[in-house]
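Structural features, examined
Listed below, chain by chain, are the residues.
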Amino acid sequence: MKNCLVVDDSKVIRKVARHILESLDLTVSEAVDGQDALTQCEASAPDVVLLDWNMPVMSGMEFLQALSSAKMTARPKIIFCTTENGIGHIKAAVEAGADEYVMKPFDRETLESKLVIVGVI
């Protein structure tokens, strides 16, 4: 079974994402910010990270930059999940290493299609 790390400072978003991801037969873990996510990724790399942009402690972009130099056996796929919808934000996320981008609020169909695109399901 593939696993997904949901990184968001909103407990509600993490809960909604968990519900959708578990219905797609993924194992789900959660992180409250980028630093928490980086620590978890270094301990055991997930198959995919659903990543919020704006978080305290370490933002999604800071996490992506730190992930590129982290010691990991395999790099997870990264799906940015955010309210930031400007073309500049999307371009910056992809250039920083994001594999896909999904807008909040999202639904099961949208999230599932992004997971198919990145090859997780």
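Residues numbered from 1 in each chain as written. Predicted model: local features only at pLDDT ≥ 70, side-chain atom pairs only at ≥ 80, totals over all residues. Heavy atoms only, no water.

In the nomenclature of an unreviewed UniProt entry, the protein is known as Response regulator of Sphingobium terrigena.

Remarks on the overall build of the protein
Within the protein, the regular secondary structure consists of five helices and five strands. Listing the helices and strands of the protein from first to last along the sequence gives β-α-β-α-β-α-β-α-β-α. In terms of overall dimensions, the protein is globule-like: its C-alpha atoms have a radius of gyration of 13 Å, near the 14 Å expected for 121 residues. Taking the principal axes of the C-alpha coordinates as reference, the protein spans close to 35 × 30 × 25 Å. Looking at the 121 residues of the protein, the share that counts as buried comes to 44%. Contacts spanning at least 24 positions in sequence make up 59% of the contacts within the protein whose residues lie at least 6 apart. (Helix = DSSP H or I, 4+ residues; strand = E, 2+ residues; numbered from the N terminus. Rg over C-alpha atoms; globule rule 2.2 N^0.38 Å. Buried < 20%, exposed > 50% of the residue type's maximum accessible area, 1.4 Å probe, protein only. Contact = heavy atoms within 4.5 Å.)

Looking at the UniProt feature "domain: Response regulatory" (unreviewed entry) in the protein
The sites that UniProt annotates as "domain: Response regulatory" (unreviewed entry) are residues 3–119. Between the first and last C-alpha atoms of residues 3–119 the distance is 13 Å; the span itself is 44% helix and 21% strand. (UniProt positions renumbered as here; feature names shortened; annotations may be inferred.)

Quick look at the pairing of strand β3 (residues 48–51)
Residues Val48 and Leu50 point to one face of β3 and Val49 and Leu51 to the other, with burial holding for every one of them. Of the strand pairs in this sheet, β3 and strand β4 (residues 77–82) are connected by four bridges, and their pairing is parallel. Looking at the pairing, leucine 51 lines up with phenylalanine 80 of β4. Viewed along the sheet, the connection from β3 through helix α3 (residues 60–68) into β4 turns out right-handed. (Pairing = 2+ DSSP bridges. Right-handed = clockwise from strand over helix to strand, strands pointing away.)

Comments concerning the side chain of aspartate 52
The topology assignment puts aspartate 52 in the loop between β3 and α3. Accessibility expressed as a relative area gives 5% for aspartate 52, which makes it buried. Within the local environment of aspartate 52, its side chain forms a polar contact with the side chain of lysine 104, the two groups lying 3.1 Å apart. (Polar contact = N/O pair within 3.5 Å; in protein donor to acceptor, adjacent residues only side chain to side chain.)

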